[in-house]
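Next come the chains, spelled out residue by residue.
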Amino acid sequence: MMAMDEAVRQPGAAPVVLRLDRLRKEYRPGLPVLKDITLDFDKSGVTAIIGPSGTGKSTLIRCVNRLVDPTSGSIWFEGADIAQVRGSALRAVRRRIGMVFQEYNLVERLTVMENILTGRLGYVPLWRAYLRRFAEQDIARAFELLESVGLGADFANRRADKLSGGQRQRVGIARAIMQSPALVLADEPTSSLDPKTSVEIMELLADISAKQSIPVIVNIHNVELAKRYARRIVGMTGGNVVYDGKPDGLTAQHLSEIYGGEEWQ
Amino acid sequence: MTTRGDPKIWLRFTPAERIGRSMVYIIAAIAVVWSARTIEIIPEFLYDAPQQTADLFQRMWPFDIKYWPFVWKTLVETFHIATLGTILAIMMALPLAFLAARNFTSNAMLRWTAQFIFVSSRSVNSLIWALLFVAIFGPGAVAGVLSIAVRSIGFVGKLFGEALEEAQAGPIEALTATGASKPAILIKGYWPQTEPAFWSIALLRWDINIRESAVLGLVGAGGIGVALDAALNNLYWDQVGLILATILAVVVITEIVTSSIRSRII
């Protein structure tokens with residue numbers, strides 16, 4: 001608690017939304033995937049995490065909402081260390097963190113509207129979810145989001161399995177925002193999409209992040225997209241952070257340190 | 001496969017393989033002769049079998065239409081036994097299926113218990129279950145319903161449990177990330193993915209149960225089998241014929257109905 005409050009009160013610094021303190025993850029004992037990562041995230045826009053495959057980007061992001069349990073270290077979010085919370089306390093934390101996935105992860109046989117409304121599952125009582133009796137303001141908000149992700153109201157009753165990849169990812173983003181999150185995590189949100197759609201999805205994420213002032217942390221392996229839409233870039237390699245700064249500070253030397261070698265550039 | 005000296009000579013099998021194959025034929029021939037001797041076929045019975053069959057059909061026809069009201073009554077009871085039994089089985093099998101599914105239940109002991117119940121339910125024929133329940137509850141439809149239900153738990157539970165295990169992990173992970181509780185994930189994540197499989201399994205089992213409950217009456221557990229049993233004991237072949245024709249018609253009709261519903265669901 002103390003550490004977080006001090007961080008928030010630091011003069012001149014933007015309020016910290018998420019602080020990772022010496023976060024470590026070992027899937028097998030003695031073989032850390034994340035090697036004591038310490039990072040602060042403030043409320044400003046998109047942060048891109050870049051790095052080669054298998055370097056722990058996905059593990060890092062999944063530790064934040066505890067889809068993966070960290071081995072040690074702490075995760076400060078909304079004034080508490082959430083690295084060890086369980087049960088209903090964990091669910092209360094998760095509903096404040098939206099997540100966007102590479103494979104969209106929509107429930108295929110449900111309609112677009114129902115998929116967006118699943119973003120409220122952490123809030124609504126079970127019987128309402130079961131009877132599909134969502135609150136009026138939730139439904140109104142879902143329609144609003146449908147517009148703002150560029151789909152429009154006539155998509156509401158379409159089944160998710162009838163949508164294209166780009167459309168599905170828009171629904172995925174709407175579902176995440178539907179949670180009224182304090183933070184959005186996006187795990188390779190553009191990796192299954194064509195180049196043009198990838199740009200549109202990154203633009204949408206950056207746009208929503210700015211308009212709704214929700215910080216977004218994106219795992220992405222497309223360096224150009226990361227530089228174009230992120231305000232801050234974190235470069236990871238071998239479970240360590242090797243670059244943390246503005247996109248224009250990222251040099252070819254940094255990139256060869258992150259990805260190894262130079263021939264590919 | 002071997003090739004010898006001249007590469008044009010090709011033999012599919014090696015000598016050892018050829019000996020092995022001949023042995024299989026010889027053993028099969030011995031087995032046939034041996035079993036024919038053991039079962040002591042009485043040739044006279046075999047010779048007049050066609051006549052006996054023709055005679056039986058002659059006695060069945062024309063059907064004894066006066067028996068129809070009783071046949072109808074027991075037929076309705078058969079439907080009730082099959083339907084109620086299936087519904088009961090589903091109610092008991094669904095929770096067990098969730099316990100048995102690897103991706104839903106992490107506790108190995110619970111999974112093992114559910115699997116054990118499925119195996120014990122499936123390993124006993126419904127006619128045997130009926131004998132048991134007739135002994136406990138006395139003859140009648142109650143014993144029939146219970147034997148159908150208990151026999152079906154394993155079938156429905158095993159198949160639905162497997163359908164659950166085939167549910168995609170991605171949407172489940174996404175719902176977990178929204179902070180949804182386990183029951184909410186069940187309703188909005190697992191159920192939509194497994195719903196077609198569920199209806200398909202339930203219909204298939206109902207179809208099977210119609211056929212199975214038709215014979216339960218032979219051991220006194222209610223249904224059209226009671227009428228069949230009575231007719232057989234009295235050697236009223238014209239009544240037996242009527243019942244057999246009715247069962248055939250019912251099986252064909254349920255087959256048509258269930259397969260048309262199934263094709264619409266999937």
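Rules of the game
- Residues numbered from 1 in each chain as written.
- Chains lettered and ligands numbered in written order.
- Predicted model: local features only at pLDDT ≥ 70, side-chain atom pairs only at ≥ 80, totals over all residues.
- Heavy atoms only, no water.
- Phe/Tyr/Trp six-rings, centres within 6.5 Å; stacked < 30°, edge-to-face > 60°.
- Helix = DSSP H or I, 4+ residues; strand = E, 2+ residues; numbered from the N terminus.
- Buried < 20%, exposed > 50% of the residue type's maximum accessible area, 1.4 Å probe, protein only.
- Domains from an automatic or database assignment.
- Polar contact = N/O pair within 3.5 Å; in protein donor to acceptor, adjacent residues only side chain to side chain.
- Contact = heavy atoms within 4.5 Å.
- Pairing = 2+ DSSP bridges.
- Axes fitted to C-alpha atoms, helices over the stretch in contact; angles between N-to-C directions.
- Buried area = accessible area lost by both parts, 1.4 Å probe.
- Salt bridge = Lys/Arg side-chain N within 4 Å of Asp/Glu carboxyl O.
- Nonpolar A, V, L, I, M, F, W, Y, C, P; charged D, E, K, R; others polar.
- Parallel < 35°, antiparallel > 145°, perpendicular 65-115°, else oblique.
- Left-handed = near helix turned anticlockwise from the far one by under 90°.
- Core = buried A, V, L, I, M, F, W, Y, C linked by side-chain atoms within 4.5 Å.

Undergrad: Can you walk me through the packing of aromatic side chains in this structure?
TA: Here the distance between the centres and the angle between the planes together describe a pair of aromatic rings. Residue and element names in this part refer to chain B. All chains considered together, the criterion is met by 13 aromatic pairs over all chains. Between the aromatic rings of Phe-79 and Trp-206, the centroid separation amounts to 6.3 Å while the plane-to-plane angle is 45°, which identifies the pairing as tilted. Taken together, the positions of Phe-79 in helix α4 (residues 68-100) and Trp-206 in helix α9 (residues 182-213) put the pair 127 residues apart, joining distant regions of the chain. Judged by relative accessible area, which is 28%, Phe-79 ranks as partly exposed. Between the aromatic rings of Trp-112 and Phe-116, the centroid separation amounts to 5.7 Å while the plane-to-plane angle is 15°, which identifies the pairing as stacked. Here Trp-112 and its partner Phe-116 are both found in helix α5 (residues 108-123), four residues apart, which amounts to about one turn of the helix.

Undergrad: Just to check I follow, could you spell out the domain arrangement of chain B for this structure?
TA: For interface size, the figure often reported is the accessible area lost on association. Here chain B is partitioned into domain 1 (2-59) and domain 2 (64-265). Centre-to-centre, using C-alpha coordinates, domain 1 of chain B lies 39 Å away from domain 2 of chain B.

Undergrad: Just to check I follow, could you spell out the side chain of Ser-213 of chain B for this structure?
TA: All names here are of chain B. Locating Ser-213 in the fold gives a position in helix α9. Side-chain polar atoms of Ser-213 contact the backbone oxygen of Ile-210, separated by 3.2 Å. In contact with Ser-213, other than residues within four places in its own chain, are Thr-78, Ile-81, Ala-82, Ile-148 and Gly-222.

Undergrad: Any chance you could explain the sheet that holds strand β1 (residues 16-28) of chain A here in plain terms?
TA: Pairing between the strands of a sheet comes from backbone hydrogen bonds, and it takes one of two forms, parallel or antiparallel. Residues and elements named next belong to chain A. Taken in spatial order, the four strands of this open sheet run β2-β1-β4-β5, and their pairing is antiparallel. Across the chains shown, the open sheet's two edge strands, defined by having one partner strand only, are β2 (31-42) and β5 (80-81). As judged from the five bridges shared by β1 and strand β4 (residues 72-77), these two strands associate in the antiparallel manner. Residue pairing in the sheet places Arg-24 in a bridge with Ser-72 of β4. Running over the sheet, helix α2 (residues 57-64) touches β1, β2 and β4 and is turned about 120° from β1.

Undergrad: I tried to follow the domain arrangement of chain A on my own but got confused; where do I start?
TA: Residues and elements named next belong to chain A. When cut into domains, chain A gives domain 1 (1-78 + 183-265) and domain 2 (108-180). Centre-to-centre separation of domain 1 and domain 2, based on C-alpha positions: 27 Å. On the side of domain 2, ten residues touch domain 1, which itself brings eleven residues to the contact. In this assembly, domain 1 packs against domain 2 so that about 870 Å² is buried in total across both faces, 73% of it on carbon and sulfur atoms. Looking at the side of domain 1 facing domain 2, the largest losses of area belong to Ile-201, Leu-204 and Ile-208, adding up to 44% of the total buried there. Across the contact surface, domain 1 and domain 2 share one salt bridge. The salt bridge partner of Arg-170 is Glu-200, with a shortest N-O separation of 3.1 Å. Here domain 1 is connected to domain 2 by three residue pairs in polar contact (both at pLDDT 80 or more). Broken down by element, the residue count for the side of domain 1 that touches domain 2 peaks at six residues, all from helix α8 (residues 195-211). The residue inventory of the side of domain 1 that touches domain 2, partitioned by class, reads eight nonpolar, two polar and one charged.

Undergrad: Explanation requested: the packing of helix α6 (residues 136-148) of chain A against helix α7 (residues 165-178) of chain A in the structure shown.
TA: For any two helices packed against each other, one specifies the crossing angle of their axes together with the interaxial distance. All names here are of chain A. Taken N-terminus to C-terminus, the directions of α6 and α7 make an angle of 140°; their axes are 10 Å apart at the nearest point. Our classification of the angle between α6 and α7 gives oblique. Where α6 crosses over α7, the handedness of that crossing is right-handed. Contacts between α6 and α7 involve Asp-138, Arg-141, Ala-142 and Leu-145 from the former and Ala-174, Ile-177 and Met-178 from the latter.

Undergrad: Would you explain the pairing of β4 of chain A in this entry?
TA: The two faces of the sheet receive side chains in turn, since in a regular strand these alternate between them. All names here are of chain A. With two bridges joining them, β4 and β5 adopt antiparallel strand pairing. Counted as the bridge partner of Phe-77 is Ala-80 from β5. In this antiparallel pair of consecutive strands, β4 and β5, the connection spans two residues, and Glu-78 shows a positive phi of 50°.

Undergrad: Just checking my understanding: could you explain the sheet that holds strand β7 (residues 183-187) of chain A for this structure?
TA: All names here are of chain A. Strand order in this open sheet of six strands is β6-β7-β8-β3-β9-β10, and the pairing throughout is mixed. Strands at the two margins of the open sheet, each flanked by one partner only, are β6 (97-100) and β10 (240-245). Taken over all neighbouring pairs, the strand axes of this sheet differ in orientation by 20° on average, direction set aside. Relative to β10, strand β9 (residues 232-237) runs antiparallel, the two sharing five bridges. Of the residues in β10, the one forming a bridge with Val-234 is Asp-244.

Undergrad: I'm lost on the nonpolar core in this one. Help?
TA: It is characteristic of soluble globular proteins that their nonpolar side chains tend to be buried jointly. Counting residues in each nonpolar core, the largest one holds 78 residues, and the members touching the most others are Ile-50, Ile-116, Ile-173, Ile-220, Ile-233 and Leu-250 of chain A together with Tyr-190 of chain B. Residues in contact with Ile-116 of chain A, not counting those within four places in the same chain, are Ala-142, Leu-146, Val-171, Ala-174, Arg-175 and Met-178 of chain A. Leu-18, Val-64, Val-234 and Met-236 of chain A belong to the second-largest nonpolar core, a separate cluster that totals 30 residues.

Undergrad: Got a minute to help me understand unusual backbone geometry in this structure?
TA: Outside of glycine, negative phi angles account for most residues, and trans bonds account for most peptide bonds. Cis geometry is adopted by the peptide bond preceding Pro-62 of chain B, which originates at Trp-61 of chain B and carries an omega value of 0°. Residue position: Pro-62 of chain B is located in the loop between α3 (49-60) and α4. One non-glycine residue, Glu-78 of chain A, lies in positive phi territory at about 50°. Tracing the chain through its elements places Glu-78 of chain A in the loop between β4 and β5. Not every positive phi belongs to a glycine, and Ser-213 of chain A is a case in point at roughly 45°. For Ser-213 of chain A, the position within the fold is in the loop between α8 and β8 (216-219).

Undergrad: I keep staring at the interface of chain A and chain B and nothing clicks. Help me out?
TA: Each side of the interface is counted separately: chain A has 26 residues, and chain B has 20 residues. Contact with chain B buries surface across chain A, with Arg-109, Leu-121 and Leu-126 of chain A losing the most and accounting together for 27% of the total. Between the two partners, chain A and chain B, sit three salt bridges. If you look at where chain A meets chain B, you find four residue pairs in polar contact (both at pLDDT 80 or more). Broken down by secondary-structure element, the contributors of at least two residues to the side of chain A that touches chain B are α3 (87-94), β6 and α5 (126-131) of chain A. Per-element accounting of the side of chain A that touches chain B gives the leading share, three residues, to α5 of chain A. Classifying every residue of the side of chain A that touches chain B gives eleven nonpolar, six polar and nine charged.

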